[in-house]
Protein chains: 2
Amino acid sequence: MVFSIEKTDLIKSVSLEHFDGVRWDGEMNRLACELDRSSPIPIYEQLYDFIKKEIMAGRLPYQTKLPSKRSFSDYLRISQNTVDAAYQQLVAEGYIEVLPRKGYYVMASEDLEYSQPDLRSIAQRNVESKGVMHSFLPGHIDASMFPFKAWRRLAKEMIDTSRQDLLLLGDPHGEMELRREIATYLYHARGVTCRPEQIVIGAGVDLLLQQLILLFGSRAKYGVENPGYQVLNRIIRHFPNEVKTIGVDEDGLKVDEVVQGSMNIVYTTPSHHFPFGTVLSYNRRVQLLSWAKESAERFIIEDDYDSEFRYSGKSIPSLSSMDRLGKVIYFGSFSKSLMPSIRISYMVLPEELLTRYQQAEFGHSSVSRIDQHILGRFMNNGDFERHLNRMRKVYRRKLEIVLDLLKPHKEILSVFGEQSGLHIALIIKNGMSEASIKDRAKEKGIILRTLSDYSTVTEGYPPTIVLGFAGIPEVDLKEAMNQLLDCLKG
Amino acid sequence: MVFSIEKTDLIKSVSLEHFDGVRWDGEMNRLACELDRSSPIPIYEQLYDFIKKEIMAGRLPYQTKLPSKRSFSDYLRISQNTVDAAYQQLVAEGYIEVLPRKGYYVMASEDLEYSQPDLRSIAQRNVESKGVMHSFLPGHIDASMFPFKAWRRLAKEMIDTSRQDLLLLGDPHGEMELRREIATYLYHARGVTCRPEQIVIGAGVDLLLQQLILLFGSRAKYGVENPGYQVLNRIIRHFPNEVKTIGVDEDGLKVDEVVQGSMNIVYTTPSHHFPFGTVLSYNRRVQLLSWAKESAERFIIEDDYDSEFRYSGKSIPSLSSMDRLGKVIYFGSFSKSLMPSIRISYMVLPEELLTRYQQAEFGHSSVSRIDQHILGRFMNNGDFERHLNRMRKVYRRKLEIVLDLLKPHKEILSVFGEQSGLHIALIIKNGMSEASIKDRAKEKGIILRTLSDYSTVTEGYPPTIVLGFAGIPEVDLKEAMNQLLDCLKG
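Residues numbered from 1 in each chain as written. Chains lettered and ligands numbered in written order. Predicted model: local features only at pLDDT ≥ 70, side-chain atom pairs only at ≥ 80, totals over all residues. Heavy atoms only, no water.

Turning our eyes to something else, we now look at the overall build of chain A. Regarding its fold elements, chain A presents 18 helices and 17 strands. Buried positions account for 60% of the 490 residues belonging to chain A. Restricting to contacts in chain A with at least 6 residues of sequence separation, those with at least 24 account for 71%. About 19800 Å² of surface is accessible on chain A, with carbon and sulfur atoms providing 50% of the total. (Helix = DSSP H or I, 4+ residues; strand = E, 2+ residues; numbered from the N terminus. Buried < 20%, exposed > 50% of the residue type's maximum accessible area, 1.4 Å probe, protein only. Contact = heavy atoms within 4.5 Å. Areas by Shrake-Rupley, 256 points an atom, 1.4 Å probe, with all protein chains shown as cover.)

What follows concerns the interface of chain B and chain A. With 56 residues of chain B at the contact, the number on the chain A side is 57 residues. Of the roughly 5200 Å² buried at the junction of chain B and chain A (both faces included), carbon and sulfur atoms supply 62%. Of all residues in chain B, the largest losses of buried area upon contact with chain A belong to Ile159, Gln164 and Leu167 of chain B, amounting jointly to 14% of the total for that side. For the pair chain B and chain A, the interface holds 2 salt bridges. (Buried area = accessible area lost by both parts, 1.4 Å probe. Salt bridge = Lys/Arg side-chain N within 4 Å of Asp/Glu carboxyl O.)

A separate point is the domain arrangement of chain A. Residue and element names in this part refer to chain A. We note that the domain assignment places domain 1 (4-119), domain 2 (134-143 + 388-487) and domain 3 (161-385) within chain A. Of note, the centres of domain 2 and domain 3, computed from C-alpha atoms alone, are 26 Å apart. Contact with domain 2, which involves 30 residues of that partner, is made by 28 residues of domain 3. Summing the contributions of domain 2 and of domain 3, the shared interface buries around 2600 Å²; its carbon and sulfur component is 59%. Of all residues in domain 2, Leu388, Gln419 and Tyr454 bury the most surface against domain 3, accounting for 25% of the area lost on that side. Linking domain 2 with domain 3 are 0 salt bridges, by the criterion used here. Across the domain 2-domain 3 interface, the total number found is 17 residue pairs in polar contact (both at pLDDT 80 or more). If you list the elements that add at least two residues to the side of domain 2 that touches domain 3, you get helix 16 (383-406), strand 14 (423-428) and strand 17 (464-468). Among the elements that line the side of domain 2 that touches domain 3, the one with the most residues is helix 16, at 7 residues. For the side of domain 2 that touches domain 3, the class distribution of residues is 16 nonpolar, 10 polar and 4 charged. (Domains from an automatic or database assignment. Polar contact = N/O pair within 3.5 Å; in protein donor to acceptor, adjacent residues only side chain to side chain. Nonpolar A, V, L, I, M, F, W, Y, C, P; charged D, E, K, R; others polar.)

As a general point, the strands of a sheet are linked pairwise by backbone hydrogen bonds and lie either parallel or antiparallel. Residue and element names in this part refer to chain B. Read across the open sheet, the 4 strands follow the order 13-14-17-16; overall the sheet is antiparallel. Of all strands in the sheet, those with a lone pairing partner are strand 13 (413-416) and strand 16 (449-450), marking the two edges. Bridge count for strand 14 (residues 423-428) against strand 17 (residues 464-468) is 5 bridges, and the pairing is antiparallel. Following the sheet pairing, Ile424 is matched in strand 17 by Leu467. (Pairing = 2+ DSSP bridges.)

For the rest of this paragraph, the subject is the confidence of the model for chain A. All names here are of chain A. On average, residues of chain A score 85 in pLDDT, and 86% of them are at 70 or above. Per-residue pLDDT stays below 50 along residues 1-33; that stretch engages in 59 contacts with residues further than four places along the chain or on separate chains. This stretch, residues 110-129, has a pLDDT under 50; its non-local contacts, to residues over four places away or in other chains, come to 64 contacts. Two numbers describe this predicted complex: its pTM, 0.75, and its ipTM, 0.75. (pLDDT = per-residue confidence, 0-100.)

All names here are of chain A. If you walk across this open sheet you meet the 4 strands as 13-14-17-16, and the pairing is antiparallel. Only two strands of the sheet have a single neighbouring strand rather than two, namely strand 13 (413-416) and strand 16 (449-450). Strand contacts of helix 16: strand 13, strand 14 and strand 17, with the helix running at about 10° to strand 14, the strand carrying the most contacts. (Axes fitted to C-alpha atoms, helices over the stretch in contact; angles between N-to-C directions.)

All names here are of chain B. Of all the 6 residues making up strand 11 (residues 328-333), 6 are buried; the element is thus mostly covered by neighbouring parts of the structure. Residues Val328, Tyr330 and Gly332 of strand 11 are buried on one face, and the alternating residues Ile329, Phe331 and Ser333, pointing to the opposite face, are buried as well. Direction of pairing for strand 10 (residues 299-303) relative to strand 11: parallel, over a ladder of 4 bridges. Within the sheet, the bridge partner assigned to Ile301 lies in strand 11 and is Ile329. With 4 bridges connecting them, strand 11 and strand 12 (residues 345-348) associate as antiparallel partners. Within strand 12, the position partnered with Ser333 by the bridge is Ser345.

Now for the relation of the copies chain B and chain A. Once chain B is rotated about the relating axis by 180° and shifted along it by 0.3 Å, it coincides with chain A to within an RMSD of 0.5 Å. Overall, the copies show the geometry of a two-fold rotation axis. With an isologous cut-off of 70% or more, the 100% of interface residues of chain B that recur at the interface of chain A puts this contact in the isologous class. (Least-squares fit on C-alpha atoms with pLDDT ≥ 70 in both.)

A few words on unusual backbone geometry. Cis peptide bonds are those with omega within 30 degrees of zero, and the linkage from Phe274 of chain A to Pro275 of chain A qualifies with 5°. Tracing the chain through its elements places Pro275 of chain A in the loop between strand 9 (265-268) and helix 13 (282-293). Even without a glycine there, the phi angle at Asp306 of chain B is positive, about 70°. By the secondary structure assignment, Asp306 of chain B is in the loop between strand 10 and strand 11. Since its relative accessible area comes to 3%, Asp306 of chain B is described here as buried.

This part takes up the packing of aromatic side chains. Residue and element names in this part refer to chain A. Tallied over the entire structure, the rule returns 37 aromatic pairs over all chains. Ring geometry for Tyr357 and Phe362: centres 5.2 Å apart, planes at 40°, overall tilted. Note on accessibility: Tyr357 and Phe362 belong to one class, buried. Among the aromatic side chains, those forming a connected cluster through ring pairs are Phe146, Phe148, Trp151, Tyr185, Phe334, Tyr346, Phe378 and Phe384. The residue whose ring lies beneath Lys327 is Phe299, and the NZ or CZ to ring-centre distance is 4.7 Å. (Phe/Tyr/Trp six-rings, centres within 6.5 Å; stacked < 30°, edge-to-face > 60°. Lys NZ or Arg CZ within 6 Å of the ring centre and 35° of its normal.)

In this fold, Val231 of chain A is placed in helix 11 (residues 231-236). Once residues within four sequence positions are removed from consideration, Val231 of chain A is found in contact with Val205, Asp206, Leu209 and Tyr267 of chain A.

To continue, consider the packing of helix 10 (residues 205-216) of chain B against helix 14 (residues 351-360) of chain B. Residue and element names in this part refer to chain B. Where helix 10 contacts helix 14, the two axes come as close as 11 Å, and the packing angle between them is 95°. Judged on the interaxial angle alone, helix 14 and helix 10 are roughly perpendicular. Across from Gln211, Leu215 and Phe216 in helix 10, the residues of helix 14 making contact are Leu353, Arg356, Tyr357 and Ala360. (Parallel < 35°, antiparallel > 145°, perpendicular 65-115°, else oblique.)

What follows covers the pattern of salt bridges. All names here are of chain A. Enumeration over the complete set of coordinates arrives at 44 salt bridges over all chains. Salt-bridge contacts for Arg377 lead to Glu157; the nearest nitrogen and oxygen are separated by 2.7 Å. You can see Arg377 sitting in helix 15 (residues 369-380) and its partner Glu157 sitting in helix 8 (residues 148-158), a full 220 residues away along the chain. For Arg377, a relative accessible area of 26% corresponds to the partly exposed category. Residue Glu157 is classed as partly exposed on the basis of its relative accessible area, which comes to 31%. Notably, a salt bridge pairs Arg234 with Asp206, separated by 2.6 Å at the nearest N-O pair. A residue pair is termed long-range when its members are at least 10 positions apart, and Arg234 in helix 11 and Asp206 in helix 10 (residues 205-216) qualify at 28 residues. For Asp206, a relative accessible area of 8% puts it in the buried group. The network of salt bridges with common partners includes Arg153, Asp383 and Arg386.

A few words now on the nonpolar core. Formed by 148 residues in total, the largest nonpolar core has its most connected members in Trp151, Tyr395 and Leu467 of chain A together with Trp151, Tyr395 and Leu467 of chain B. Ranked by size, the runner-up nonpolar core spans 60 residues in total, among them Phe216 and Ile236 of chain A together with Val205 and Ile235 of chain B. (Core = buried A, V, L, I, M, F, W, Y, C linked by side-chain atoms within 4.5 Å.)

This brings us to the environment of Leu212 of chain B. All names here are of chain B. With respect to the helices and strands, the residue Leu212 is situated in helix 10. Each C-alpha atom, one on Leu212 and one on Leu353, is 9.6 Å from the other, the two residues being 141 residues apart in sequence. Ignoring anything within four residues of it in the chain, the contact list for Leu212 reads Tyr222, Ile301, Ile329, Phe331, Met347 and Leu349.

The following block contains the structure:
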């Protein structure tokens, strides 16, 4: 069926392609199919979604006139009210605008990616469709805000005959262009002073940690924060090395336990303890560095995850910035600041370790060279900084919504770690166990993590929800939080 | 300086941008800078290079008129003869065409990537500029033939708001879309029967082997071909495991040594031994599989590198295709068939091992999810097969050139492994040692690998050059080979 809408009704010919049903490609057909009467998603919402995606994908450019409600409803065989509902929603969200006596016009361009925080994430929808309504996983980001356009442009530049050198193997430690950008970033943002040569790029913190474990050999003894991020625990299971847990209190890692325990490598998150957000106190930092300098084989692995996002108070310096003796191995990643799926992380090796690392010859780089150059250019041209600034605002706003909704419930919960990062810790004081909270949440289609997911020893800690708020679309956040609070009510 | 060439001299305005010196971006400025009078590269060749790159990058589209020789030479302050030399070279190579009384026109489009095998690779130039004239490294590919356009188009599709789900973490074993394509490819091309679920995607064979070593534990004993590809040797150094070398003869791996030695994991290249190209005989395959089935802890790692490129004789079936008992772990990679720098490899785990691998929980995938989807789509739409067919022709032609040039020198060398792959083995019989051949080659700016680079034990083997011919541009191949032959002359 060819849609015979009058040309005057559509300013740009590109819009016509959306109605004649002939020139649509596979992707667009799929979108069209989603106008599905048997779906539980209301038709107006499907239509809203469809138009929004077309706008975001640049197929309905800025100032394109949309079909009149009447012709659109005739074409789609739905009521004018349904079209109106979709249009009103788009107007409310700033995608389109109504001009009196003229009609509806696209107001957003692809650049909206930068300015509209509350686009519903498709990933979120995918999850929902499997019976999950809201996912509070701490690892999530707001994917709808990614600067696709800028990234795509750089990808186009790098995937080019003129860059055919990028097809061949590059530097096994990572491309110098990217390492230079990271060194500059670390100096300005985290006070880390290093030569680009000290940086090793790898496909994930896991892989880089694995290389370190191999480098330090089977006699090395590790200490890990407990509770804490489980990455080192997960990897070290495969190795014969001894591992001890180190407790955490309101001043951060209990360095006394490091000093008293027999260990030589300590894995820690000093600037933003995972998951409580505690900052390792100045005295303990000095104490930890002093411990490390007592032996050539003692090192501190500083995982500075999430450090890009600080919302209040002064910036917490990295432990590495205090290290004058080459005792701190700094770890960073682009999982939170860009996307978890890109698999680009890095570590900064002290000079003495760098020599040993080079001699170990761990083989080729584990990250695509083209991707490294896209990222390097993204950082070099200021896109990365702009993206971080934008995301800081987005996440701060989400955090404020969450905190506002939690405020009336102080008698049953306490909030920790709200100064930075993409999650907070909620200590629950209503007598429920973590397991029962999780069970009840699951019934409502809410995915949660609790402290026991990040601890090998949980004794002495109250029931705690580790609440990742970044991945939930702003429009859904209130509902998601209210449902969560329902789970906590007797 | 603004170039005041008459508009009539340039059909398309895009060309003007190349001369006014104002609207060029960083990349193009860099290219412009290469018109460098102090460079050892002749000016005409720099100009030729510049125009060719502009054409290949699509910035000088099909049928664009080039400036007249006179106006161009005025602008660049070089002689008309120099411009003429560059133009003639471009005409000879089919990039541009001269129309009588009209001028020079661009004849090539970006699609030239598919049809022009002998574009000089920029990577090659980069290497040359560091004093290396020709690199016969076995790991190289012909990067000039990569289908940038198709790849770029798919990248554009995947880096899109509509695919924002790809930013979040995916399947730790790799994206199902890609694993399905690989399973289909393996079935048709290599006779490997597996479910997509058995395939694990990883950032390089090194990483996947490392996971296997961890999975098998420290008591596993390994056997590796000697001479052979050194990847397992390189990794296992970091582990406490015992490793034995297994000899190779004209029937391939000496399976007797496997049976007699005490080992339980064998790493082998049965279809195309590295570097001799020997095929493991049928009897030995049966013998090896029988050995493996005698114990639950015995496995064979089949590295089927290079299997995409076979030029003569019937296809050699994979060892995995003969395996009915889940004893063969098949390894493949896209390093040769696409590009070494993409870091996408895979292994096919027998069902029983798959369960153990899943339980080991090696963490997130090491490959960018977007890249996995680009590749999956590239395979799904037939681009991959087309690319392989094209490259097979390109490499066969290069191989023929090499073999033709070697033919008159039978008294000083014998050729092995010319049926398949991107390298051949040259046994040298003129009394020179590998070290002296390498030294002499180095003086001439030629990079070579010899058998000792791929052996822990070299006794009993004659001096052998492992000659990778894929990375040298076809136009340079004759000169490169003649220089190499010069090194072998007394």
